[in-house]
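What the coordinates show
The lines below spell out each chain.
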Amino acid sequence: MIDDKARLIENLTGVRSSKLNYYVELKKRNREIVIQNRRLEIIHQLSRDINIDMSLEMIVQRVYENLPLVIPCDFLGLITLEGSELRLVATQPPLPCNGLVVPRNSVLWETIRKQQEQVYLCVAGDGKLLEELPVRQFELNCLILDPLKVKQNIIGMLVIGTREKNIYSQNDLTFARQLADQLAICVQNRRLYEEVVQAKREWEEAFRARVQMQAQLIQSAKLAAIGEMAAGVAHELNSPMTVIIGNAQMLQRELEPEHPASQLLKDIVTCGLRCKKIIQNLLTFARQEPPVVAPTDLNEVVERVLSLVKYQINRTGINVCTDLAPDLPRVAANGQQLDQVLINLLLNARDALEGVERERYIHIRTGVRRDENGRRCAVVTVQDNGQGISPENMSRVFDPFFTTKEASRGTGLGLSVSLGIARAHGGTIEVESRPGEGSTFTLVLPLEEGRS
């Protein structure tokens, strides 16, 4: 009875009610402290764990892992300002629309222009002005749009969305602002890191292009010296060859055709004339003259070049066969430059056959065809059954200084220069290759209309 009276007095005086309210308030306050501590932990973790070499997708994923514990969050998005475009670059949950450009009539642009955060309420998950965000897909009803600022410059936007309605408090907005500030620093640091890495990469590449260039220049100077020496040797050989041929012809005229020495003298004259032609071709190829375009017979180019390099090819056991089209129309070209192209193609074919154990051959063909535009073109095809070109190198075969040969055997300029010559003549060089089966290079040169 006494206890009942005491309980009745406490109820009437409000003592019990005050205790209940106190404990409810205390519990609520403790919950807010826990949430606030978790928010601080997220900010601290963001500043501690986020590395500048992490992708934006990884950064957003790391933030999203604990975010729903401290703020209503069913969607997290990161938008960056790139020049005059806003792009959705990372989301959680992940979306296939990453990289989407935000249209100018979007609410997001309004937030950028105002440079201040705002809460956007979607009507029943409609979001007509936010088609670039998954408002309908995730049934979002409330969004926090918070610009990313670095020294008063807008570099992007943080988007936090939830399915709940009218849920975000002022404390939520304050936390979103703090999170946006930290993310802005992460994004800016990453951009600066990318710029530094790109500058370092360009510097290293330039340093490699310079070292390689110096080596190539040394090699080019060596080749030029060898070429000049060869031209001098050819000049020195030209005079005695003239004497040998002339004396042999004089003796040949004094002998009867039936004389036993007549055939020997004929062989001397024939071989002497052949040597003299090779020397003349070598001098023509080495001569530095302004390029002169004239009607040129591609069959003669093939025969002239073969006289220079056929020995180098044949002595390695490679069979050279030709299939030259009769009555081949002449092309308007510089003969010396075409010599250079064909020499490069033949020597490359020879090198591609090195180490091949099956019967090796180089097949040279000439002919006429029409290109994709219907123009008549003369073609020279050099085909080998060598090692072929790997798929990853096919797109680089014409790049300057690109070579798969040893440094002492190639400069990587042959095909690049050859393609330049072909294009200067209005043509091109086509390449087909199968690894392990061989390669085919085709020089294509346009024919003048009406020329037969």
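Because the structure is predicted, anything quoted here is derived from the model rather than measured.

We now examine the packing of aromatic side chains. Per the stated rule, a full pass over the model turns up one aromatic pair. A centroid spacing of 6.0 Å and a plane angle of 45° characterise the contact between F75 and F138, whose relative ring orientation is tilted. A residue pair is termed long-range when its members are at least 10 positions apart, and F75 in strand β1 (residues 75-82) and F138 in the loop between β4 (118-121) and β5 (142-150) qualify at 63 residues. Grouping residues by exposure puts F75 and F138 together as buried. Taking NZ or CZ as reference, R104 lies 3.9 Å from the ring centre of W109, over its face.

The subject of this paragraph is the confidence of the model for the protein. Averaged over all residues, the pLDDT of the protein is 79; the fraction at 70 or higher stands at 77%. Of all secondary-structure elements in the protein, the lowest mean pLDDT belongs to helix α1 (residues 2-13), at 55, while strand β11 (residues 376-384) reaches the highest, 94.

Tracing the backbone shows Q182 in helix α5 (residues 170-254). Relative accessible area serves as the criterion here: at 17%, Q182 is assigned to the buried category.

Negative phi values dominate among residues other than glycine, just as trans dominates among peptide bonds. Cis geometry is found at the peptide bond from Q92 to P93, where omega equals -5°. Positive phi, close to 55°, is recorded for E139, a residue that is not glycine. Looking at where E139 falls in the secondary structure, it is placed in the loop between β4 and β5. If you check the backbone angles, D327 has positive phi at about 55° while not being a glycine. Within the element layout of this structure, D327 appears in the loop between β8 (319-323) and β9 (331-333). Look at D327 and you get exposed, because its relative accessible area is 77%.

Inspection of every chain in the model, using the stated rule, returns 11 salt bridges. Residues R177 and D146 are paired through a salt bridge, measuring 2.3 Å at the closest nitrogen-oxygen approach. Of this pair, R177 sits in helix α5 while D146 sits in strand β5, placing them 31 residues apart in sequence. Notably, a salt bridge pairs R369 with E430, separated by 2.6 Å at the nearest N-O pair. You can see R369 sitting in strand β10 (residues 361-370) and its partner E430 sitting in strand β12 (residues 428-434), a full 61 residues away along the chain. Note on E430: relative accessible area 32%, which makes it partly exposed. Taken together, the shared-partner salt bridges connect E82, E85 and R87 into one network.

What counts as what
Residues numbered from 1 in each chain as written. Predicted model: local features only at pLDDT ≥ 70, side-chain atom pairs only at ≥ 80, totals over all residues. Heavy atoms only, no water. Phe/Tyr/Trp six-rings, centres within 6.5 Å; stacked < 30°, edge-to-face > 60°. Helix = DSSP H or I, 4+ residues; strand = E, 2+ residues; numbered from the N terminus. Buried < 20%, exposed > 50% of the residue type's maximum accessible area, 1.4 Å probe, protein only. Lys NZ or Arg CZ within 6 Å of the ring centre and 35° of its normal. pLDDT = per-residue confidence, 0-100. Salt bridge = Lys/Arg side-chain N within 4 Å of Asp/Glu carboxyl O.

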